[in-house]
Amino acid sequence: MSNEALSNLLREDRRFAPPADFAAAANVKADAYATAEADRLAFWETQAQRLSWGAPWSEVLDWSGKPVAKWFVGGKLNVAYNCVDRHVEAGNGDRVAIHFEGEPGDSRAITYAELKDEVSKAANALTELGVRQGDRVAIYMPMIPETAVAMLACARIGAVHSVVFAAFSPDALRARIEDAGAKLLITADGYHRRGGTVNLKANADEAAEGAETIEHVLVVKRTGADVAWGAKDVWWHDAVGAASTEHTPEAFDSENPLFILYTSGTTGKPKGILHTTGGYLTQASYTHHAVFDLKPETDVYWCTADVGWVTGHSYIVYGPLSNGATEVMYEGTPDTPHQGRFWEIVQKYKVTLLYTAPTAIRMFAKWGDDIPAKFDLSSLRLLGSVGEPINPEAWIWYRENIGGGRTPVVDTWWQTETGAIMISPLPGVTEAKPGSAMRPLPGISANVVDKEGTIVENGHGGLLVLDQPWPSMARGIWGDQQRFVDTYWARFAEQGYYFAGDGAKKDEDGDLWLLGRVDDIMLVSGHNISTTEVESALVSYPAVAEAAVVGAKDETTGQRIVAFVILRAGQEETEDLDAVLKAHVSKEIGPIAKPKQIQIVAELPKTRSGKIMRRLLKDVAEDRAVGDTTTLADSTVMDLIKAKLPHANED
Ligand code: WT7
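Residues numbered from 1 in each chain as written. Predicted model: local features only at pLDDT ≥ 70, side-chain atom pairs only at ≥ 80, totals over all residues. Heavy atoms only, no water.

Colleague: Sorry if this is basic, but what is going on with the site of the ligand here?
Modeller: Around the ligand there are 17 residues in total, and D411, T412, T416, D502 and K611 lie nearest to it. Within the side chain of D502, one N or O atom sits 2.8 Å away from an oxygen atom of the ligand. Here K611 contributes a side-chain N or O atom positioned 2.8 Å from an oxygen atom of the ligand. Broken down by secondary-structure element, the contributors of at least two residues to the shell around the ligand are α11 (310-322) and β25 (512-517). (Near = heavy atom within 4 Å. Polar contact = N/O pair within 3.5 Å; in protein donor to acceptor, adjacent residues only side chain to side chain. Helix = DSSP H or I, 4+ residues; strand = E, 2+ residues; numbered from the N terminus.)

Structure (structure tokens):
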């Protein structure tokens with residue numbers, strides 16, 4: 001990034017206030033900002049009271065070991081007790097915790113009382129298999145209730161889980177097992193996907209082969225497929241099935257590790273991000289309550305993320321369950337057996353709160369408005385988005401076509417490293433602007449700075465920093481604290497800021513707009529231009545469903561803007577489309593941001609969590625061999641794009 005701050009290009013004047021009845025009944029009202037501002041630590045201390053503690057803390061925050069924080073120092077709690085038992089004790093044992101929907105259409109409802117029994121049995125089984133407080137357990141599982149049970153069982157006995165996304169390769173799993181020194185691997189025989197089954201056990205076997213720390217492999221039967229059986233293998237239904245439902249949860253120190261989660265990491269060795277218990281659960285619980293406005297007695301909540309990502313940890317398992325939510329868990333893909341599957345599920349369970357990703361929203365827009373229109377989505381009262389900047393037009397599409405033009409939309413910014421939501425509208429308070437994550441939540445402080453770390457004025461862009469510690473902040477990188485310091489804390493060491501790695505701008509009102517990863521920012525004729533803004537301008541053209549923009553080397557302008565565009569279903573690639581789209585971007589944000597080259601493609605390269613991999617598109621745009629594609633969700637995508645664009649450098 002040059003010295004000049006990020007250009008502030010895109011203008012957005014639409015505003016959406018919360019519906020009056022929503023605002024009146026909101027869990028969190030506007031006063032929360034002032035309360036938190038007056039005394040941040042007292043505010044978080046109040047939020048920690050949402051949980052049940054076995055022993056009180058003596059100090060809210062110990063920041064003397066900066067950048068490794070201690071929150072609720074000396075306090076003791078059991079995370080699983082907070083997510084399960086206490087709801088049963090409060091008389092809510094009959095409430096459904098999880099409505100499981102399998103891809104083939106099988107379903108199961110699990111009440112809090114049943115969840116308590118299952119978690120207790122699993123905790124006993126894990127103990128029986130030799131797992132103790134502080135031991136690491138690798139969880140390589142599909143989207144089935146046993147995955148949540150396994151995580152909670154680890155938490156219940158003070159063990160540290162490391163969930164590895166089920167679509168990761170045996171090599172990726174082995175590397176994570178070895179890095180964490182995991183003693184137990186929990187997996188399944190397989191799972192249902194796109195109408196077929198995946199043999200997960202075969203991958204687990206390949207990974208466990210030679211992973212010397214693994215003592216046992218605990219296997220859930222999901223598909224009933226034939227699987228190879230080794231000396232370390234134990235069936236879940238045998239070990240957990242035979243265990244007692246009696247298990248006394250022990251209260252562990254507030255800083256006892258809860259989990260390690262490896263970030264997808266576009267480059268280099270994955271980082272094992274470490275989270276602990278008291279502060280993490282406090283913020284996961286509070287933000288779930290504040291941002292999703294959960295009313296546990298009446299709401300049905302559905303987060304469509306995979307448990308293999310931090311979103312699944314904080315907003316499928318720990319946040320919602322700590323709040324006593326009834327939630328949906330779905331095993332499969334959005335287009336199996338048809339492209340209306342998500343909406344069929346919303347209709348079936350009368351989902352009220354839906355949390356999904358921009359990549360999914362743009363895909364639904366691409367498939368066509370007529371698909372959600374066939375289902376009754378009137379139960380929905382709030383929509384959330386996470387994972388990438390949401391283009392204003394995708395935000396509007398989501399609100400109109402899924403939210404019936406009524407629901408608040410919350411664009412939530414956070415990271416694996418932040419543990420929980422940091423920047424988001426409050427749905428009953430904020431007058432939302434499509435495409436903006438708006439303000440830091442009460443108790444959170446963020447800012448935008450230039451390269452030197454000087455705070456930029458409203459109306460300018462730069463780098464997003466977090467300038468105050470927060471309860472769910474990562475406590476480090478497993479086995480590599482120096483890398484934790486170097487990656488997040490070294491850049492603005494003088495100011496003591498956490499460097500998030502994202503570009504952002506503050507608009508005239510001081511509201512925050514996330515502009516993508518700093519590595520993706522383009523430098524065109526001396527202007528720093530965000531890929532997000534140009535992509536959003538392209539997506540605001542009606543025929544365009546999705547766009548990815550990169551800066552390719554250019555002799556005269558330093559970088560030139562190359563755009564890859566996906567059209568909506570039924571849209572033809574007309575001859576003048578190229579000129580029309582260029583003119584459209586020029587009109588929306590100015591001639592400086594006009595792409596030099598536009599390529600219509602059928603798919604874009606994405607990570608398995610749905611983030612666009614611009615690095616690979618840049619390789620294509622600069623006409624060189626495409627780099628490492630091992631983290632791609634679909635490895636054939638790049639071949640298709642290259643085939644369409646054989647000589648990208650010829651304008
Ligand atoms: C990165 C973190 C947070 C859970 C899922 C991703 C991007 C995330 C937003 C948003 C703009 C966003 C950022 C961030 N990101 N949410 N609402 N607006 N960008 O977790 O894999 O750790 O990725 O995702 O670039 O740094 P993650």
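Colleague: Can you walk me through the packing of aromatic side chains in this structure?
Modeller: For any pair of aromatic rings, geometry is given as the distance between the ring centres together with the angle between the planes. If you walk through the whole model with that rule in mind, you get 34 aromatic pairs. Aromatic pair W302 and Y330: ring centres 6.4 Å apart, planes at 85 degrees, arrangement edge-to-face. Remark: Y330 occurs in strand β17 (residues 327-330) and W302 occurs in strand β16 (residues 301-303); sequence separation between them is 28 residues. Taking the relative accessible area as the measure of exposure, W302 reaches 1% and is therefore buried. Residue classification places Y330 among the buried residues on the basis of a relative accessible area of 5%. Following the ring pairs from residue to residue traces out a cluster consisting of W63, W470, F484, Y488, W489 and Y498. The cationic tip of K221 hangs over the ring face of W235; the distance from NZ or CZ to the ring centre is 5.0 Å. (Phe/Tyr/Trp six-rings, centres within 6.5 Å; stacked < 30°, edge-to-face > 60°. Buried < 20%, exposed > 50% of the residue type's maximum accessible area, 1.4 Å probe, protein only. Lys NZ or Arg CZ within 6 Å of the ring centre and 35° of its normal.)

Colleague: What am I meant to see in helix α16 (residues 481-489) here?
Modeller: Turn by turn, an α-helix covers 3.6 residues, leaving residues three or four places apart pointing in a common direction. Residues F484, Y488 and W489 constitute the buried set of α16. Along the axis of α16, the buried residues cluster in a sector spanning 70 degrees; they form a single face. The elements touched by buried residues of α16 are β15 (272-276), β23 (476-477) and β24 (498-506). (Arc of directions from axis to C-beta. Contact = heavy atoms within 4.5 Å.)

Colleague: Which parts of the structure should I look at to understand the sheet that holds strand β6 (residues 136-140)?
Modeller: Strands belonging to one sheet form pairs held by backbone hydrogen bonds; the direction of such a pair is parallel or antiparallel. Overall, mixed pairing links the eight strands, which are arranged β12-β11-β8-β6-β7-β14-β15-β23 in an open sheet. Every other strand in the sheet has two partners, leaving β12 (233-235) and β23 as the edge strands with one partner each. In this structure, strand β14 (residues 257-262) lies alongside β15, joined through five bridges in antiparallel fashion. When the bridges of β15 are listed, Y262 appears paired with G272. (Pairing = 2+ DSSP bridges.)

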